[in-house]
Amino acid sequence: MQENNTQKRKRSLSFIQPTSVPTLGNYLGAMKIWPSFQDEYDTIYGVADLHSITVRQEPAKLRQQIHEMFAMLLALGIDPERGIVFIQSQVPAHSQLAWLLNCYTQFGELSRMTQFKDKAAQHSDNVNAGLFTYPCLMAADILLYQADVVPVGADQKQHVEICRDIAQRFNSVYGNVFTMPEPSIPKIGARVMSLADPTKKMSKSDPNPRATVLLTDEPNVIMKKFKSAVTDSEMSVRYAEGKDGINNLMTIYSVITGYSFEKIESDFSGRGYGDFKAAVGEAVVEELRPVREKFNRYLADKAYLVECEKKGAETAGRIARRTLDKAMKKIGFVL
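The structure reproduced in this document is the subject of the present report. Going along each chain's sequence as written, the residues are numbered from 1 onward. Reporting of local features is limited, given that this is a predicted model, to residues whose pLDDT is at least 70; pairs of side-chain atoms are given and counted only at 80 or more, and all residues count toward the totals for whole chains, interfaces and linings. The basis for the side-chain values is all heavy atoms of the structure; hydrogens and waters are excluded.

### Looking at the nonpolar core
Membership of the largest hydrophobic core comes to 57 residues, with the highest contact counts inside it found for Leu-24, Leu-73, Phe-226, Ile-252, Phe-276 and Val-284. For the purposes of this entry, the term helix denotes a DSSP run of H or I that reaches at least four residues, the term strand denotes a run of E that reaches at least two, and both are numbered from the N terminus. For this core, the secondary-structure elements that each account for two or more residues are α1 (24–29), β2 (42–47), α3 (59–75), β3 (84–87), α9 (219–227), α10 (244–257), α12 (273–300) and α13 (302–331). Looking at this core, the element that brings in the most residues is α12, giving eleven residues. Aside from chain neighbours lying at most four places away, what touches Phe-276 is Val-237, Ile-246, Leu-249, Met-250, Tyr-253, Ile-264 and Phe-268. Counting 47 residues, the second-largest nonpolar core is a separate cluster that includes Val-91, Tyr-145, Val-160 and Phe-170. Take the buried Ala, Val, Leu, Ile, Met, Phe, Trp, Tyr and Cys residues and link them wherever side-chain atoms come within 4.5 Å; each set so joined is a nonpolar core. Throughout this description, buried means an accessible area under 20% of the type-specific maximum (1.4 Å probe, protein chains only), exposed means over 50%, and partly exposed covers the range between. Note on contacts: a residue pair is in contact if any heavy atoms of the two residues lie within 4.5 Å.

And the structure:
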């Protein structure tokens, strides 16, 4: 007799944009633990392609990147037979619920969002309405599936918080329509910094190629990036204030190996930064090797990818439609 047959599992939901290859920061900040959620939760993983067009995209490139991100989710170890993996734009309910939630979100709430301020500064020639109402679409992504848990990096916590505010406002008017989601943030490794400027977060959009490790980087490329990582002049491997570069490398090494900072300091006592950088680089190479190899295999099998995408969208669509219909009926629409 199987255990927990009648006990409903909580639902976990994670989305990622297909704007470029994920970084080591994306991986250690959130994506590394995504597959493990399949053991504990009913999982939903989505390629957030609708979010990507707040910045102008080249159509053929975007189309390819959507397939690549779907392949990357599978390469991480996410099993489409154990959960739902799909492409956001293939489920129209996301756009439909986003409009409804726009009408239950205050202008002041959206204007205070940190990401809007940052993106508006970066793309001052294209501060569009989609960039401003982005959190409403993200809230729709979460609330459509009645997600209980949303694994995110520390920089995305604000979006889950506004999602909760929107859900609470809607529920206070119409009753218990949406589940209140909780963010899940890793206690360590949630914020990986740039290898070129360790005072800034590692970013996919960093113009300096040495600053960012991509999940598809070849081993020799990864090693070169770590060997050129910015550190300090002290030559002592220890975690301390003012040692941003070494602190960042120690965090990366700790998350991958499971070693405590104390053990790392002990292991590299009296050894130079060259040895430590090489050790961190080698640990990252071995961590990412199976991901890169699986990614290349999945991407080469286009028929399998398309089949998985279609199946995932159909399953996600059925769940999303139920929530959308419930919300629309509560508001008073005729279905």
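From this point, the narrative continues.
### With respect to unusual backbone geometry
Positive phi is not limited to glycine here, since Gln-146 has a value of about 50°. With respect to the secondary-structure elements, Gln-146 resides in the loop between α7 (129–143) and β4 (149–151). Positive phi is not limited to glycine here, since Met-235 has a value of about 65°. Relative to the assigned elements, Met-235 resides in the loop between α9 and α10.

### Here's the deal with the pattern of salt bridges
Here, a salt bridge means any side-chain nitrogen of Lys or Arg that lies within 4 Å of a carboxyl oxygen of Asp or Glu. Under the criterion given, the structure shown has 16 salt bridges. Here Lys-225 makes a salt bridge to Asp-217, at a shortest N to O gap of 2.7 Å. Here Lys-225 matches Asp-217 in class, with each residue buried. Each of the salt bridges in this network shares a partner with another, and the network as a whole consists of Asp-232, Glu-234, Arg-238 and Lys-243.

### A short note on the side chain of Glu-309
Of note, Glu-309 is situated in helix α13. A residue counts as positive if it is Lys or Arg and as negative if it is Asp or Glu; His and the chain ends are not included. An unpaired buried charge is present at Glu-309: no salt bridge exists, and Lys-302, the closest side chain of opposite charge, is 7.3 Å distant. Once residues lying within four places of it in the same chain are set aside, the contact partners of Glu-309 are His-67, Phe-70, Ile-87 and Gln-90.

### Here we look at the packing of aromatic side chains
Here a pair means two rings of Phe, Tyr or Trp (six-membered ring of Trp) with centres within 6.5 Å. Their orientation is stacked below 30 degrees between planes, edge-to-face above 60, and tilted elsewhere. Counting across every chain of the model gives 15 aromatic pairs. On the basis of an interplanar angle of 50° and a centroid distance of 5.0 Å, the ring pair of Phe-170 and Phe-178 is categorised as tilted. The exposure class of Phe-170 is buried, given its relative accessible area of 0%. Overall, Phe-178 belongs to the buried group, its relative accessible area being 1%. Members of the aromatic cluster, joined through ring pairs, are Tyr-104, Phe-170, Tyr-174 and Phe-178. Only lysine NZ and arginine CZ atoms are considered, and such an atom sits over a ring when it is within 6 Å of the ring centre and within 35 degrees of the ring normal. The ring of Tyr-259 is capped by Lys-263, whose NZ or CZ atom sits 4.9 Å from the centre of that ring.

### Notes on the side chain of Thr-323
Here Thr-323 lies in helix α13. Here a polar contact means two N or O atoms within 3.5 Å. Within protein one must be a hydrogen donor candidate and the other an acceptor candidate, and residues neighboring in sequence count only if both atoms are side-chain atoms. Among the polar contacts listed, one links the side chain of Thr-323 to the backbone oxygen of Leu-144, at a separation of 2.6 Å. Contacts of Thr-323, omitting those with residues within four sequence positions, involve Leu-143, Leu-144, Gln-146 and Phe-178.

### So, empty space enclosed by the protein
With a 1 Å grid spanning the protein atoms alone, the term cavity applies to any set of points in which a 1.4 Å probe fits but cannot get out, the term pocket to an open set with protein on both sides within 12 Å along at least five of seven lines, and the term lining residue to any residue with an atom within 4 Å of a point. Grid points are joined across faces, edges and corners, and a volume is the space filled by probe spheres set on the points. Within this structure, the stated rule accounts for one cavity of 30 Å³ or more. Each pocket or cavity is described by its volume, and for the largest cavity that value is around 50 Å³. Around the largest cavity, the lining residues are Met-113, Gln-115, Phe-116, Lys-119, Leu-131, Tyr-134, Pro-135 and His-159. Where the lining of the largest cavity is concerned, the elements lending two or more residues are α6 (114–122) and α7. Each residue gets one of three labels, nonpolar for Ala, Val, Leu, Ile, Met, Phe, Trp, Tyr, Cys and Pro, charged for Asp, Glu, Lys and Arg, and polar for the others, Gly among them. Of the residues that constitute the lining of the largest cavity, the class distribution is five nonpolar, two polar and one charged.

### Description of the packing of α6 against α7
The relative placement of two packed helices is expressed as an angle between their axes plus a distance between the axes. Note on definitions: angles span 0 to 180 degrees between N-to-C directions of axes, and those axes are lines fitted to C-alpha atoms, for helices only across the stretch in contact. For the pair α6 and α7, the least separation of the axes is 9 Å and the interaxial angle reads 160°. Judged by the angle between their axes, α6 and α7 are roughly antiparallel. Judged by the twist between their axes, the crossing of α6 over α7 is right-handed. Where α6 abuts α7, its residues Gln-115, Phe-116, Lys-119 and Ala-120 lie against Leu-131, Phe-132 and Tyr-134. For the contact of α6 with α7, a count of residues per class yields five nonpolar, one polar and one charged. The scheme is simple: roughly parallel for angles under 35 degrees, roughly antiparallel for over 145, roughly perpendicular for 65 to 115, oblique for anything else. Each crossing gets its hand from how the near helix is turned against the far one by less than a right angle, where anticlockwise is left-handed and clockwise is right-handed.

### Things to note about the pairing of strand β1 (residues 11–16)
Summarising burial for β1: five of the six residues are buried, a large majority. Pairing of β1 with β2, which is carried by six bridges, proceeds in the parallel orientation. When the bridges of β2 are listed, Ile-16 appears paired with Val-47. Any two strands with at least two DSSP-identified bridges between them are counted as paired.

Geometric values such as these leave the question of function open.
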